[in-house]
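Structural overview for review
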Amino acid sequence: MYVKTDVARSLGAEINQQGGIYIPRKAYDYRKKSEVAARYERAKEENGGPRHNIRALSRQCGVGRRFVDKVEKELEQYGRVLDPGEVYRNREGPIGPGSKAIDEQYSFVIHLLYHDEPSRTLSNYAQWLEYITGTAVCESTVSLFFKEAFPYSGNLCQPNIVPYDKFRPSNLAKATEYLVYVAFVDPRHIKFGDEKLLKGRELFNRRPRRNLLTGVVPPVLAPPDFRNTTYAITGFCGIDTDVYALFFSIHESNNDATQFALDLEETLEYGVFKPGDILVLDNANAAYHCGGENSILEYWLWSRHGVFLLFLPPCCPELNPIELVWNTMVKRMKRIPPTIVSHISAHAAVIAAHCVLADVTHEDVLKMYKHSGVV
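Now for a quick tour of the structure. (Residues numbered from 1 in each chain as written. Predicted model: local features only at pLDDT ≥ 70, side-chain atom pairs only at ≥ 80, totals over all residues. Heavy atoms only, no water.)

1. Examining the packing of aromatic side chains
- Within this structure, the stated rule accounts for 10 aromatic pairs.
- Each ring, one from W128 and one from Y131, has its centre 5.5 Å from the other, and the planes form 85°; the classification is edge-to-face. With W128 and Y131 both in helix α7 (residues 122-133) and 3 residues apart, this pair spans about one turn of that helix.
- Ring centres 5.8 Å apart and planes at 70° place the aromatic pair F145 and F146 in the edge-to-face group.
- The exposure class assigned to F145 is buried, which follows from its relative accessible area of 9%.
- Of the aromatic side chains, those joined through ring pairs into one cluster are Y125, F145 and F146. (Phe/Tyr/Trp six-rings, centres within 6.5 Å; stacked < 30°, edge-to-face > 60°. Helix = DSSP H or I, 4+ residues; strand = E, 2+ residues; numbered from the N terminus. Buried < 20%, exposed > 50% of the residue type's maximum accessible area, 1.4 Å probe, protein only.)

As structure tokens, then:
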């Protein structure tokens, strides 16, 4: 027996209580099922019809009692044993932990719960499903439903915070006017500008895993001033292939009206804007950069460079593709291993941001234009 066990384990198999050989986490094949079914029918005939002792049959076949029970059920229901493909097609529902199928009733209840509170946890969905339908569904079933039931995965994500002012009638009218205007302009002549505050912690935002043995979160070495150092990035993007896809500059501390004017003037000197182009800025940021006088910037751009200044509707950052540039920058900075960043310098965030932004292509910006509805 010991020799048999050693040989079986050397081949990745085990010996069950009945002395049979099986491979862990793998079902018996159709040939073994047919063998058990034949012995079951033969034993039934020998007994004159009554059910044979299942435990004795399992010992004779060298399989577990549950396997014999499954064979018996298939013989009673179908008159024969089913091959694996037939078992899959004829099953009443998925088998295994968390695989209970979500039918239309459960789907409707989940949608109601979602629209009532999109930030519910999986356990909360399971609790309310049991309370409303009377059926207990585990959390993994709900998770699988959100991941695979529809074209878009329903995983938890950062909230899309929308201020109430966005839906004021006057702001909705401005948004409509803006969208109508942009729809009749060649998108190659539309350039977007904005600024982004960059902190050293942006570079150290990868989430490590706890130590499996101690439960301790591993430390990440960082420059001593990475929490307090703040930089400002001024950027302008466009899809005109004759000029830069993204022109940007990075400065320590926040931007002011003077610095923004210098960055914009440098952008004009590099030929990023051509006569007839439209520069789109956030209304609030433009007022700040111009000392509260948007008309000054508007007059200077038009009279000196032939560039028309257009302002985004209030509370509509989603219409500015350069916001997606900043999001892409943060995501790509996460890919840089902290062990490498900690050896660069105290200005690691600036170096990393510059490398990421320098790799932004016209194809990248075009995707962002499409996402923002410009194209």
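Continuing now.
2. As for the side chain of D240
- Counting through the fold element by element, D240 comes out in the loop between β4 (230-237) and β5 (246-252).
- Owing to a relative accessible area of 9%, D240 belongs among the buried residues under this scheme.
- From its side chain, D240 meets the backbone nitrogen of D242 in a polar contact 3.1 Å long.
- Looking at D240, its side chain comes within polar contact range of the side chain of K274, at 3.1 Å.
- The contacts of D240, once residues within four sequence positions are left out, are R188, K191, K274 and H362. (Polar contact = N/O pair within 3.5 Å; in protein donor to acceptor, adjacent residues only side chain to side chain. Contact = heavy atoms within 4.5 Å.)

3. A closer look at the packing of helix α3 (residues 54-61) against helix α4 (residues 65-78)
- Where α3 contacts α4, the axes come no closer than 9 Å and their chain directions differ by 105°. With respect to their mutual orientation, α3 and α4 come out roughly perpendicular. Across the interface between the two elements, I54, R55, L57 and S58 of α3 pack against R65, V68, D69 and E72 of α4.
- Each residue belonging to the contact of α3 with α4 can be placed in one class, and the counts come to 3 nonpolar, 1 polar and 4 charged. (Axes fitted to C-alpha atoms, helices over the stretch in contact; angles between N-to-C directions. Parallel < 35°, antiparallel > 145°, perpendicular 65-115°, else oblique. Nonpolar A, V, L, I, M, F, W, Y, C, P; charged D, E, K, R; others polar.)

4. Things to note about the pattern of salt bridges
- Considering all chains together, one arrives at 11 salt bridges under this definition.
- Note that D116 is salt-bridged to R120, the shortest N-O span being 2.6 Å.
- Given the relative accessible area of 55%, D116 is considered exposed.
- Using a relative accessible area of 13% as the deciding quantity, one classes R120 as buried.
- A salt bridge links K191 to D277, with the shortest nitrogen-to-oxygen separation between them at 3.0 Å. Here D277 lies in the loop between α10 (257-269) and β6 (278-281) and K191 lies in strand β3 (residues 190-199), a separation of 86 residues in the sequence.
- Each member of the salt-bridge network shares a partner with another, and the members are K32, E35 and R39. (Salt bridge = Lys/Arg side-chain N within 4 Å of Asp/Glu carboxyl O.)

5. A closer look at helix α16 (residues 362-372)
- When α16 is considered as a whole, its buried residues turn out to be D364, V365, M368, Y369 and S372. Down the axis of α16, the smallest arc covering the buried residues is 140°, so these residues share one side. For α16, the exposed residues set more than 90 degrees away from the buried face come down to E363, K367 and K370.
- On the buried face of α16, the contacting elements are β3, β4 and α13 (321-334).
- At the exit of α16 stands G373, carrying a positive phi of roughly 85°. (Arc of directions from axis to C-beta.)

6. Brief notes about the pairing of β3
- Taken across its 10 residues, β3 has 8 buried, putting it largely inside the fold.
- Bridge count between β3 and β4: 8 bridges; the pairing is antiparallel. Bridging from a neighbouring strand, L198 pairs with Y231 of β4. (Pairing = 2+ DSSP bridges.)

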